[in-house]
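Here's the letter readout for the chains.
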Amino acid sequence: MCGIVGYIGKRDSQDILIEGLKKLEYRGYDSAGIAVFTKNGLEVRKSIGRLANLEQKLDGQPLEGSVGIGHTRWATHGKPSDANSHPHTDNTHKFSVVHNGIIENYLDLKDELIAKGCKFVSETDTEVISHLVADEYDGDIVKAVQRAVKRMRGAFALGVLTEYEPERLVAVRFASPLVIGIGEGENFIGSDIPAILEHTRNVYILNDGEMAILTKTGVELMTTEGEFISKEIFHVDWDLVTAEKAGFDHFMLKEIYEQPKAYRDTMMGRISDDGRSVELTEIGMTADEIRAIRKIHIVACGTAMHAGLVGKTVLESLARIPVETDVASEYRYRSPIITPDTLVIVVSQSGETADTLAALREAKRCGARVLAITNVVGSSVSREADDVIITQAGPEIAVASTKAYTSQLIAFYLLGLFLAETLGTKDSAFIAEVVTAMHQLPEQVESILDNAPVLKQVAENLSKHNNLFFIGRGVDFAVAQEGSLKLKEISYIHSEAYAAGELKHGTLALIEEGIPVISLITQEDLYEKTLSNIKEVKARGAHVLGVVNEGFEGEVAKSVDELFAIPKTLPLLSPALSVVPLQLIAYYASLARGNDVDKPRNLAKSVTVE
Ligand code: F6R
């Protein structure tokens, strides 16, 4: 995730900016840069890779000045490179901008600015902002930023400097976090508290649509409409480690809570303004090429493979193309039938998983077109695939994947709708209905998160057991597999996920008095069938937790011991909700067992060996 830091005061800003960016390294980044007012004007240095590379560039040629902005970039638009790193400037080099977030309408704005004569030097959406602010400038940077912001759609936190007004640093927040640090004779901006914690514990936390104008001696707060506002100072009493986790005890919990944002960000810019269609401009296939697809193979590992299991149902039901989902480590060795009319979809959070990469290469060798769903721009998978859908989950730090998985689900929904529209397998009213339901998902996840204490209690009870089962039918079975993996990997409790109707073919022998069974019951057409499977395990003494849609608690309550209700959505979208309680159960069970939640034993975040 990108990081912002900014300084205006009496001290040399370069070290403050670099040290601030170092405090944000834990968030992950692929390039970095700073802009400082020096005696030569607004000077920028940036570099791909670690901050050490930037420091090397500054070594011997420091940027001396007491006002500056800095940024660590996690690529979203355009690969990691010096040119794509922030800060970005306009063509006169008088304006400089750092930006976190996504500008949804940047292509339209870019076309307009190019027509006015602007020359773009990067592939980023951010560069649009520096040209736009310069274009709007008529002697007042605050007004120019306000006018620019009015024209931008999306999510953004900004730090803006202009050489014309070196006494002012302008900051804006819209759906991407930004805090203002208040010092004595100096003030700061930071996308996160750790960036400025060394210098001050007094901060203003900006809300959406608010901006701050910082000088050495003060901070003015206003809305982006220009109305002055006042705010309480928030005193931070976190230590640095707590601040890195934004006050959460673990990165995993923080990332579970970041899912509503990850859903919104992954959808952002990919749904038409009227909400009736999906626009995946990153897919280079023509309509004829899409019509020529005869089958789809989804290939991935672990949690990403589980997203692929949901993806199979999504794509088959929306696009009516046959889909197989494979474990990447098996795919290559089973001599899969890959033909030029096969679309191979590889799914990988890191984009570096060795087995997934090998499967991708095998698919290409056989002449298939490869589409990647990945979270990391510039990763091996993203570079080698023909088409890439970037999930916008932001860097995932905890080993156990949560927000990356759910963002992969969102990517599959978008892809399914895009294919359905192109192939004419679903009409526009249906597509609009799904899109509307997708827009509700972030808030629905928030309401599940509000009930975390209930799941904590459930997890604490479960943590006393050494074996348990997850069961479900249809996509519920796919989610059950993810819930089971999550529990195993961080709590070390043995669990199995079973297709609910398959238990009676042998596994019922393992159901004995008191064994916990978590049953997903979200598919209306399968309710009765699942309920009869629940009866089978209940009759053998199992203790059943039912994860059920709101509105059906009454019916299910008679058959289970405990209930957790999730908000109602379309059956196909339910995995994006039903997995959340399972993530929380795994988290709290791990905690109850005293495990190292973020770094479970024997696992690595990125598995780059076969
Ligand atoms: C589980 C987990 C792993 C990964 C798997 C694939 O929480 O994180 O199962 O999902 O190693 O990794 P990526 O998605 O990076 O290819």
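The protein appears in an unreviewed UniProt entry as Glutamine--fructose-6-phosphate aminotransferase [isomerizing] from Paenibacillus lignilyticus. Quoted verbatim from the Catalytic activity (unreviewed entry) field of the UniProt record, the comment on the protein reads "D-fructose 6-phosphate + L-glutamine = D-glucosamine 6-phosphate + L-glutamate". For the protein, the Subcellular location (unreviewed entry) comment in UniProt is given as "Cytoplasm".

Moving on, we get to unusual backbone geometry. The omega angle of the peptide bond from His-86 to Pro-87 is -5 degrees, so this bond is cis rather than trans. Topologically, Pro-87 is positioned in the loop between strand 4 (67-73) and strand 5 (88-89). Although it is not a glycine, Ala-175 sits at a positive phi angle of roughly 60 degrees. The residue Ala-246 is not glycine, and still its phi comes out positive at about 50 degrees. Within the secondary structure layout, Ala-246 lies in the loop between helix 6 (240-244) and helix 7 (251-257).

Across eight bridges, the pairing between strand 2 (residues 31-38) and strand 3 (residues 41-48) is antiparallel. Across the sheet, residue Ser-31 finds its bridge partner in strand 3, namely Ile-48. From the end of strand 2 to the start of strand 3, which pair antiparallel, there are two residues.

So, on to the packing of aromatic side chains. Applying the stated criterion to the full structure yields nine aromatic pairs. Aromatic pair Phe-156 and Phe-174: ring centres 5.4 Å apart, planes at 25 degrees, arrangement stacked. In this pair, Phe-156 sits in strand 7 (residues 154-162) while Phe-174 sits in strand 8 (residues 169-174), placing the two residues 18 residues apart along the sequence. On the basis of relative accessible area, Phe-174 is assigned to the partly exposed category, the value being 36%. Ring centres 4.4 Å apart and planes at 50 degrees place the aromatic pair Tyr-527 and Phe-552 in the tilted group. Pair noted here: Tyr-527 is in helix 18 (residues 527-538) and Phe-552 is in the loop between strand 23 (543-549) and helix 19 (553-557), with a separation of 25 residues, a long-range link. Positioned above the aromatic ring of Phe-430, the side-chain terminus of Lys-426 is 4.8 Å from the ring centre. The ring of Tyr-492 carries Arg-601 above its face, with NZ or CZ at 3.8 Å from the centroid.

The subject of this paragraph is the sheet that holds strand 20 (residues 467-472). The strand order across the open sheet formed by five strands is 21-20-22-23-24, and the pairing between neighbours is parallel. The sheet terminates laterally at strand 21 (494-499) and strand 24 (562-566), the two strands that pair on one side only. Taken over all neighbouring pairs, the strand axes of this sheet differ in orientation by 20 degrees on average, direction set aside. Of the pairings in the sheet, the one linking strand 23 to strand 24 comprises five bridges and is parallel in character. Its bridge partner being in strand 24, Val-548 is matched across the sheet by Ala-565. Packing against the sheet, helix 17 (residues 475-491) makes contact with strand 20, strand 21 and strand 22 (516-521), and its axis sits at approximately 175 degrees to strand 21.

Right, let's get into the pattern of salt bridges. Per the counting criterion, the structure on display carries 40 salt bridges. Between Lys-57 and Asp-82 there is a salt bridge, with the nearest N and O atoms lying 3.2 Å from each other. On the criterion of sequence distance, the pair formed by Lys-57 in helix 2 (residues 51-58) and Asp-82 in the loop between strand 4 and strand 5 is long-range, its members being 25 residues apart. Lys-57 gets classed as partly exposed once you look at its relative accessible area, which sits at 33%. Bridged by salt links that share partners, the residues Asp-140, Lys-143, Glu-165 and Arg-168 form one connected network.

Now for the site of the ligand. Close to the ligand lie 13 residues; Ser-348, Gln-349, Ser-350, Thr-353 and Glu-489 are nearest. Note that an oxygen atom of the ligand is positioned 2.6 Å from one of the backbone N or O atoms of Gln-349. At 3.3 Å, a backbone N or O of Val-399 approaches an oxygen atom of the ligand. With the chains in place, 89% of the 410 Å² that the ligand exposes on its own is no longer accessible. For the shell around the ligand, the secondary structure elements donating two or more residues are helix 10 (302-319) and helix 17. When residues of the shell around the ligand are assigned to their parent elements, the largest contribution, three residues, is made by helix 10. Among the residues forming the shell around the ligand, the class breakdown is four nonpolar, seven polar and two charged.

The rules we used
Residues numbered from 1 in each chain as written. Predicted model: local features only at pLDDT ≥ 70, side-chain atom pairs only at ≥ 80, totals over all residues. Heavy atoms only, no water. UniProt positions renumbered as here; feature names shortened; annotations may be inferred. Helix = DSSP H or I, 4+ residues; strand = E, 2+ residues; numbered from the N terminus. Pairing = 2+ DSSP bridges. Phe/Tyr/Trp six-rings, centres within 6.5 Å; stacked < 30°, edge-to-face > 60°. Buried < 20%, exposed > 50% of the residue type's maximum accessible area, 1.4 Å probe, protein only. Lys NZ or Arg CZ within 6 Å of the ring centre and 35° of its normal. Axes fitted to C-alpha atoms, helices over the stretch in contact; angles between N-to-C directions. Contact = heavy atoms within 4.5 Å. Salt bridge = Lys/Arg side-chain N within 4 Å of Asp/Glu carboxyl O. Near = heavy atom within 4 Å. Polar contact = N/O pair within 3.5 Å; in protein donor to acceptor, adjacent residues only side chain to side chain. Areas by Shrake-Rupley, 256 points an atom, 1.4 Å probe, with all protein chains shown as cover. Nonpolar A, V, L, I, M, F, W, Y, C, P; charged D, E, K, R; others polar.

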